[in-house]
Amino acid sequence: MTLAPERVVNGVEQQRLLVTEIPGPLSRGLLARKQNAVSAGIGVGLPVFITKAAGGILIDVDGNSLIDLGSGIAVTTVGNANPEVVRGVQDQVANFTHTCFMVTPYESYVQVCEALNRLTPGDHEKRSALFNSGAEAVENAVKIARAYTKRQAVVVVEHGYHGRTNLTMGMTAKNMPYKQSFGPFAPEIYRVPVSYPYHDGPHTGPEVAAWATSRIDKELGAANVAAIVVEPILGEGGFIVPAPGYYKALADFANSHGIVFVADEIQSGFCRTGNWFASEFEGVVPDLITTAKGIAGGMPLAAVTGRAEIMDSVHAGGLGGTYGGNPVACAAALGSIRWMEENNANALAKEIEGVMLPRLLDMQVNHPGIGDIRGRGAMIAIELVKEGTRTPDPDRAAALNKYCHQHGVVTLTAGTYGNVFRFLPALTMPRHLLEEALTILEQAFEATAN
Ligand SMILES: *Cc1c(COP(=O)(O)O)cnc(C)c1O
């Protein structure tokens, strides 16, 4: 497989085309209606209202075609409205839309669990349970770990992101916008250092892990810890790839103290990084793994997968939810997984990395504001700093973001300091569009240079 050279995907021309300013008049009208109808608490990054999308293109109500480097935050990894997903959803929705799996079950839920048990790291006996959102999966992983260990404490890391519910807000590191005004938070959540190679000076992965595990030992007592929950590559935190050995050392520590090691692969999973799961880069076999985002081509679905003895330690009826593992979402997941397997999705992600990294390294030569370039596969970011320092430069990130948006490239920022610019193209992104988006980014650097 190679990145599609396609010029038309699902009837959508694979070209960037701006016919109005961004946002155009129809989007501005809809934005005014949004402001009168939708809670101000729901922000939007780029207020162009979308009518159709495929390949690497989003089309808005004004007829503009934008290059999509966000994939709805790492969700439409198999491409928007992927034909395999569309077919599965259409067939299912015409047969039945809901029974509630806990009332009268259906096969597709079991098939998704079988696929998760097969695809996640480790060849031990596994079980899965399905939910609606990433946050719900993380909440359930904590419930399961507490039931299994009969312990309470949950350990998370600096810069981690786990969701917006009360428990997962507490587990999330960044205050603004996720936690501000929303406390009090759930108790028994403890945060330890993460390996952040760009800011750690000479410290190695195992050294930073030793600070973390010593904190657990001395401040909590390892025997009181139910779970350590970590993202193998930190998503909202700014695509931080911990130094080699850090993640493995935390997993080994958990293992030797009867702590359930939970990999939150909600953003990094499902072929995003060039492996099915990012834990594989470190050879780590998590006890539990949470998945969502890329799992079902845009339909809401999430899962917890893990060791049978842990997953089966919960009493019947202890897990679930009205909509969890909805049959339409399960059909989408099966279509999405089939597409990934048949199209060698991991090779596509590596190919995207192969196009992006050299271009970004070239840009860094002329634009020393690019302090760091990092990530794996189709999960790549740049960290922006004040020239000659490692001081975060969120204003530059915002200026670049604005330039890209105005020139028809949908980009996202990230990072605790808001100074990370992240790229999450779909694996169906045609190569010519990826190259064009990078050229616009280069122009954005020139236009925002001071
Ligand atoms: C997005 C995300 C979540 C939360 O998922 P939702 O579906 O938004 O609830 C949790 N963990 C990670 C790593 C994420 O990227």
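Owing to the predicted nature of the structure, the values given are computational and were not obtained by experimental measurement.

1. Some thoughts on empty space enclosed by the protein
Under the definition given, this model contains three cavities of 30 Å³ or more. Within this model, the largest cavity holds a volume of roughly 60 Å³. Looking at the largest cavity, the residues that line it are Ala53, Ala54, Gly55, Gly56, Ile57, Leu58, Asp68, Ser71, Thr76, Gly79, Asn80 and Ala426. Secondary-structure elements contributing two or more residues to the lining of the largest cavity are β3 (50-54) and β4 (57-60). Its residues assigned to classes, the lining of the largest cavity comprises five nonpolar, six polar and one charged.

2. A word on the site of the ligand
Taken together, the residues surrounding the ligand are Ser133, Gly134, Ala135, Tyr161, His162, Gly163, Glu231, Asp264, Ile266, Gln267 and Lys293. Measuring from an oxygen atom of the ligand, one finds a backbone N or O atom of Gly134 at 2.7 Å. The separation between a nitrogen atom of the ligand and a polar side-chain atom of Asp264 is 2.8 Å. Residues that form the shell around the ligand fall into these classes: three nonpolar, five polar and three charged.

3. A short note on the domain arrangement of the protein chain
Per the domain assignment, the segments making up the protein chain are domain 1 (8-69 + 344-447) and domain 2 (84-342). With centres defined by C-alpha atoms, the gap from domain 1 to domain 2 works out at 26 Å. Taken together, the contact pairs 33 residues of domain 1 with 27 residues of domain 2. On the domain 1 side of the interface with domain 2, the three residues burying the most area are Asn346, Arg376 and Met379, jointly 28% of the side's total. At the boundary of domain 1 and domain 2, one finds one salt bridge. For Glu236, the salt bridge goes to Arg422, with nearest N and O atoms at 3.0 Å. One can count 18 residue pairs in polar contact (both at pLDDT 80 or more) joining domain 1 with domain 2.

Conventions and cut-offs
Residues numbered from 1 in each chain as written. Predicted model: local features only at pLDDT ≥ 70, side-chain atom pairs only at ≥ 80, totals over all residues. Heavy atoms only, no water. 1 Å grid on protein atoms, 1.4 Å probe; cavity = no way out; pocket = protein on both sides within 12 Å on 5 of 7 lines; lining within 4 Å. Points joined across faces, edges and corners; volume = space filled by probe spheres on them. Helix = DSSP H or I, 4+ residues; strand = E, 2+ residues; numbered from the N terminus. Nonpolar A, V, L, I, M, F, W, Y, C, P; charged D, E, K, R; others polar. Near = heavy atom within 4 Å. Polar contact = N/O pair within 3.5 Å; in protein donor to acceptor, adjacent residues only side chain to side chain. Domains from an automatic or database assignment. Contact = heavy atoms within 4.5 Å. Buried area = accessible area lost by both parts, 1.4 Å probe. Salt bridge = Lys/Arg side-chain N within 4 Å of Asp/Glu carboxyl O.

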